[in-house]
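# Notes for the structure review
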Amino acid sequence: MTVKTLTTENLSHLAAALLADGTEVIAPVKDSSGKVDYRAVKQAAELALGEALPRKSLKEFFLPQTECLFYFKQVKNDVELTPVPTTFGPRIVLGAKPCDAAAVDILDRVFDWDYHDELWFGRRQATTIVTLACPMVDEFCFCTAVDIEPATRQGADMVIVPVAGGYHVETVTEKGEALVTKYAKYFSDGGKQAEADTFRAEAKAKVEKNLGINTKDVRAWLETHFEDGLWHELAWRCHGCGACAAVCPTCHCFDIVDESEGVNQGTRRRNWDTCQAGKFTLHASGHNPRGEQCNRCRQRVSHKFMIYPERFGVLLCTGCGRCVRACPGGMVLPEVLRRVNAAAQAAKTEPVTEGVGQ
Amino acid sequence: MSDNGNKQHDNSFEPRITAFVCTWCTYTGADLAGTSRLQMESNVRIIRLPCTGRIDPLFIIKAFERGADGVIVSGCHPADCHYTAGNYHARRRFTVFRELMDFIGIDARRLTFSWVSASEGTKWKEIVDETTDRVRALGPFTAYHNLAGGAEEAMAGGVQ
Amino acid sequence: MKELQELARKLLTDGTVGVVIGWEEGPRGIRPYFCTRPEDADKLVFTPRCVHNLATYLSPRRSNVRELGKVAVVVKGCDNKAVAGLVRETQLKREDVVVIGVRCGGVVLDPYGPAELTANTVADRCPGCDVREPHNTDHLVGELPPPPPGEQRTAKLMSELEKSSPDQRWDFWIEQLSKCVRCNACREVCPMCFCERCLADKTQPQWIDSSPHPRGNLAWHLTRAMHQAGRCAGCGECERACPMDIPLMLLNRKVAQVVADSWGYKSSEDPAVAAPIGTFNKDDPQEFIK
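Everything quoted here is computed from the prediction, not taken from an experiment. (Residues numbered from 1 in each chain as written. Chains lettered and ligands numbered in written order. Predicted model: local features only at pLDDT ≥ 70, side-chain atom pairs only at ≥ 80, totals over all residues.)

### Side note on the overall build of chain B
The following threshold applies: Counting from the N terminus, the helices are the DSSP runs of H or I reaching at least four residues and the strands are the DSSP runs of E reaching at least two. Any two residues are considered in contact once their C-beta atoms, placed from the backbone, lie within 7 Å.
Helix and strand counts for chain B stand at six helices and four strands. The order of helices and strands in chain B, counted from the N terminus, is β-α-β-α-β-α-β-α-α-α. For chain B, long-range pairs separated by at least 24 residues make up 82% of all intrachain contacts whose partners lie at least 6 apart in sequence.

Encoded structure:
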């Protein structure tokens, strides 16, 4: 790990240099209404680091909301298939939220599971992720409760931590090393370790106040409570609208469709989908195993806190809290987790070890 | 305005116009225009429905998606609908749809609505000629045709 | 508020209803609440943060709500228009629901945000409201507060758009609709989008591209606006639910304006008032038809 310092001004110069070298620079950007989103910038001046949580996660830069898989065309009695390119031009994410970077790393596992997804990994290979350590966004954050923290290195190639005058820099991977080497003139030697460590510790303490659970106990409870009144209760308020999945950094389900683009030609695409949609599990026979909202609510929580960990050893949640902010029906995932955790603890007949907080 | 059909222009843009017409009035009127040997522009492709009441605004949207530069919707005059009230429902529906299209920024001049009866062959010719001239002057509807989703952009590596 | 809580307690104790759907102070702010026990009636509140349209929970597709038995629902005047809409379109029998109207002086857009009702925080549908005291309800509770502050931002934006050129409008809409990821939150929260088989889900043939590219999104939103013509209650839940902040009410309000200008119809709390699409007058305006 290499430690450096980067002034605020030099971050801007670094961004400009990357752009000039033909690297796509993705960063949080403010739009005209003041909302922040990750976007490919055209100029360094657009960068809006360290402000609000970007509305959407980094997911769309690795799994676009709609993506062509191949193009087909009928030529006489044959069908010509033209695949899409799986190599991409160099990209860098400057100022990723740690929860969003960690999510990308978490998703690597499912995209390398039964099939090595060339499009996902093509984009991953082309991208360097520079994470900006987070001070905690608001009371909806709960990253510490799901095994990460506001300064996590997971998914990052390089981490920058806000300090006076700029950032304390730590490289994490070879890509991070390559970045500080190639653009060495913008970095100065020696970091600001103490200040950075203080920042990180304070942020962690703040987030810990929002939620404390034992994720292993939660998982055990989920394994044994497939039928539980909790799911019905959640289903009352849940609209099955999918807003949560749309903003979630780790939700990754997709639908594959063939679309006509004229006579005898078209594209096969994959599009974002959500298990919360009523027809998500509708079979061609007409049978729908998750036709009721209670089953869909159960599925979402179980996939994230039981099924994915069982399969891949990590939770499918980074505690970013977007689902809470986006939900129009008042679903609060930390509340659900707290209840499950409490039930799990009670089942162990030990004193309830609920985390500090509400 | 032209009295000859097959008028060619130097810029060689010939608009593609889709016409959704009802069987009992406009289709028959168009047929009459044909049997009367009326000369008219040949840019219109007719899609025949039983009644304008069957015409879903999605037909128009799909026509634009698939390359139409202009659309005509035509049926029986009020009180003459073969199914009694289909055209009244269509009238209401398209009152809204037309304004919605305009609000979205789709030039209202690309859409033509008309009542053409079975005996109005000449009126059909006039609608066809006038619409074709109007849409030709507007040019191809590239804004709609080039909406992301096309193959070229797909080959460039997906939407972003 | 006491009046509402006592009413709810009585309805539940009597067994008149199996659930009273209202609002509660949840862990993060105001949210819908499903009160199934008389002893929980104290949790029911009505504050300026009660923005949610609870009529959407009356939709027949909500099997888990129907399990609870007969429903009493707390509605503001705007929400009540959706109840009327469901009754009008035979999704609900009026006698199968107990409608508790609540007198309202406006609500804030963000139920998790500041509770103070100002011109900046007020939900867009509130300024100029004409149904602050709901009609056709089984009960009516609360004191009538003063009218909501501010003016409708949507109305202002709509008239700005109308003054701009078609090209400018097109650019505006394509930019907005490109944000859509087709999560369908707008559809799922809407009380009037109750179709078991939405046209957008139809694949044989695929009328509306399901892909979230501008072409598919334009077809979807144009179709939804058309299908809401004369039916939309104007509650604004679609816009509030949209995770991408697309100004959906601009479309719905424009359509509502055309409907009002053409046939004098405004969204009504009375199910007996016929919807404008599906009915007609022999002398409806038709200047646009050659």
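Moving on from the coordinates now.
### Examining the interface of chain C and chain A
Frequently, the measure chosen for interface size is the accessible area removed from exposure when the parts meet. How we decide: Lys, Arg, Asp and Glu make up the charged group, whereas Ala, Val, Leu, Ile, Met, Phe, Trp, Tyr, Cys and Pro make up the nonpolar group; the residues left over, Gly among them, are polar.
Between chain C and chain A, the residue contacts involve 26 residues of the former and 36 residues of the latter. For the side of chain C that touches chain A, the elements supplying multiple residues, two or more each, are strand S2 (30–35), helix H2 (63–66), helix H6 (185–189) and helix H8 (237–241) of chain C. Broken down by class, the residue content of the side of chain C that touches chain A amounts to eleven nonpolar, seven polar and eight charged.

### A few points about the interface of chain B and chain C
Taken residue by residue, the interface counts 32 residues in chain B and 34 residues in chain C. Those elements that place two or more of their residues in the side of chain B that touches chain C are helix H2 (57–65), helix H3 (86–104) and strand S4 (111–115) of chain B. Ranked by the residues each element gives to the side of chain B that touches chain C, the list is headed by H3 of chain B, at 13 residues. Classifying every residue of the side of chain B that touches chain C gives 18 nonpolar, six polar and eight charged.

### Side note on the environment of threonine 127 of chain A
Mapping threonine 127 of chain A onto the fold places it in strand S7 (residues 127–132). When residues no more than four places from it in sequence are discounted, the contact partners of threonine 127 of chain A are Arg91, Ile92 and Val93 of chain A.

### Quick word on the sheet that holds strand S3 (residues 70–75) of chain B
Residue and element names in this part refer to chain B. The condition that has to hold: The rule for pairing is simple: two strands pair if DSSP sees at least two bridges between them. In this analysis an axis means a line fitted to C-alpha atoms, helices contributing only their contacting stretch, and an angle means the value between N-to-C directions, from 0 to 180 degrees.
The four strands lie next to each other as S2-S1-S3-S4, forming an open sheet whose pairing is parallel. Both outer strands of the open sheet, strand S2 (44–49) and S4, are each paired with one neighbouring strand and no more. The sheet shows a mean angle of 20° between the axes of neighbouring strands, taken without regard to direction. Taken together, the six bridges between strand S1 (residues 17–22) and S2 define a ladder with parallel strand orientation. Across the sheet, the residue bridging to isoleucine 17 is valine 44, located in S2. On top of the sheet, helix H4 (residues 121–138) reaches S1, S2, S3 and S4; it is set at about 160° to S3, its chief contact.

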